[in-house]
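# Per-entry structural report
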Amino acid sequence: MSLKAIVYVRNPPSLEILNQLLLPHETVYESITTVQQGYEQINQMKVRGAPAIGIVAALSLVIDLQLKLQTFINNPNALDSETLNILNSPLLLATFVRNSLDRLNQSRPTAVNLFRTSDILWDVTNSGIKKNFDSKQIIESLADTAEQMMLNDLKDNNNIGKYGADFILKNSDKKICVVTHCNTGSLATSGYGTALGIIRHLHAQENLLHAYYTETRPYNQGSRLTSYELLHDKIPSTLICDSMVSALLSSHAFNSSSNKVGHKITAIIVGADRVAKNGDTANKIGTYQLAITARYHNVMFIVASPSTSIDLNIQNGRDIVIEERNEDEVVFIGGLLKQDGIEKNQIKKVRVSPEGVKVWNPSFDVTPAELITAIVTEKGVVEKEEGMKEFDLEKFLLG
């Protein structure tokens, strides 16, 4: 089992991505050498999670340029004239960077990290032009920036884990049960995770009794990926269907070992793909209904979000573009083949619904800030001011 979603080496340059469509049944790393391949990995959801999407987008541009530069140094005759011009002209390199970033931005429209990454890399490119850098120097600057993004994300995730755990424990018992949705762990980031990072921190401090996680239809990131991570870390946990959360909260937590009702659920902890200025949060489809049931059952609803996922240019959730995906993700389901009661080591996709059925498949929904207890970032925990229904994230981030 591997929890490393992204494997990047600078010298000699190489980039491999863990194909998460095959998890948990197969561990397959796929090489990325071009921007187009990076686009496809993100668009096809072989890599997913807002932080990881941004990092892979950055690294796919970097690796494309590094491999071109390596060939230019070792065997320039192997390059076409267009590539030679890019490597000889910083201005033509900038055009290539701009076109590449525009292409990558089209891969997934909702996660703000992707667009923030694009802005950062474009600023680095323009800065190099203004400093009269040659193409090699600009490429090196882009690589430095992408590597720092990975390091910052890992550090941020560890801080989110600590701040989130401390906030929950401050407002609850010292032994708690939680619910989470989708996959927000190492596989969705550069490591450790956001919402799952909080759960990891609670477990490390021996404050976690049990974690429940939804299967997260239609792509089953919970049953496939969160299962994979929790089993890897030996965190006490139970998989439930998306439609079971309200029943779980109303009956308290079910103790599978004793077959009895156990401790009350303390918090539902989720991640975020884009958080608006007022705290409205776009996250994996199904998050909104969890917030509603959390409010009804008086359970904390916590959003774990690095500041890179907060978009101060978006006033509220109505302005967030929601990606709609292919109907096949709903009508087909994949998994290990089971025949005559025996599991075969073969992944198959089968149709569940009849042909001709109409499907609506939004990848995300938006949870209103009013339903969110707190937003946990690497900078600390944001709460709404007394009597307010929205967060002041601009004040929190900019002071």
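Keep in mind that this is a model prediction, so the values were computed, not measured.

Where charged atoms of side chains with opposite charge meet at close range, the side chains can pair. Counting across every chain of the model gives 15 salt bridges. The partner of Asp-144 in a salt bridge is Arg-10, with the nearest N and O atoms 2.6 Å apart. In this pair, Asp-144 sits in helix α6 (residues 135–170) while Arg-10 sits in the loop between β1 (6–9) and β2 (14–18), placing the two residues 134 residues apart along the sequence. Ionic pairing is found between Lys-277 and Glu-394, a salt bridge with its closest N-O pair at 3.3 Å. With Lys-277 in the loop between β10 (274–276) and β11 (281–284) and Glu-394 in helix α12 (residues 393–398), this pair connects stretches of sequence that are 117 residues apart. Taken together, the shared-partner salt bridges connect Arg-10, Glu-140, Asp-144 and Glu-147 into one network.

What follows covers the sheet that holds strand β5 (residues 208–214). Taken in spatial order, the seven strands make up an open sheet running β6-β5-β4-β9-β12-β17-β18, and their pairing is mixed. At either margin of the open sheet sits one strand with a lone partner, and together these are β6 (237–240) and β18 (380–382). Across this sheet, the average inter-strand angle for adjacent strands is 25°, counted without regard to direction. When β5 meets β6, the two strands line up parallel, connected through four bridges. Among the inter-strand pairings, Ala-211 is bridged to a residue of β6, identified as Ser-237. Across the sheet, helix α7 (residues 195–204) is in contact with β4 (176–180), β5, β9 (265–270), β12 (300–304) and β17 (374–377); its angle to β4 comes to roughly 160°.

A word on the domain arrangement of the chain. Many descriptions give the size of an interface as the accessible area lost when the pieces come together. Taken as a whole, the chain is organised into domain 1 (6–154) and domain 2 (162–323 + 362–398). Each of domain 1 and domain 2 has a C-alpha centre, and these two points are 30 Å apart. Facing the 25 residues of domain 1 at the interface are 30 residues of domain 2. Summing both sides of the interface, domain 1 and domain 2 together bury roughly 2,200 Å²; the carbon and sulfur share of this comes to 53%. Area buried by domain 1 at its contact with domain 2 is led by Arg-48, Thr-110 and Val-112, which between them contribute 26% of it. There are one salt bridge connecting domain 1 and domain 2. As a salt-bridge pair, Arg-108 and Glu-323 come within 2.5 Å of each other at their nearest N and O atoms. Viewed at the interface, domain 2 and domain 1 are joined by 18 residue pairs in polar contact (both at pLDDT 80 or more).

Okay, the side chain of Asn-105 next. Inspection of the secondary structure assignment puts Asn-105 in helix α4 (residues 90–105). Of the polar contacts made by the side chain of Asn-105, one reaches the side chain of Ser-118; its length is 3.3 Å. Among all residues touching Asn-105, those that are not within four sequence positions of it are Arg-98, Leu-114, Phe-115 and Ser-118.

Calculation criteria
Residues numbered from 1 in each chain as written. Predicted model: local features only at pLDDT ≥ 70, side-chain atom pairs only at ≥ 80, totals over all residues. Heavy atoms only, no water. Salt bridge = Lys/Arg side-chain N within 4 Å of Asp/Glu carboxyl O. Helix = DSSP H or I, 4+ residues; strand = E, 2+ residues; numbered from the N terminus. Pairing = 2+ DSSP bridges. Axes fitted to C-alpha atoms, helices over the stretch in contact; angles between N-to-C directions. Contact = heavy atoms within 4.5 Å. Domains from an automatic or database assignment. Buried area = accessible area lost by both parts, 1.4 Å probe. Polar contact = N/O pair within 3.5 Å; in protein donor to acceptor, adjacent residues only side chain to side chain.

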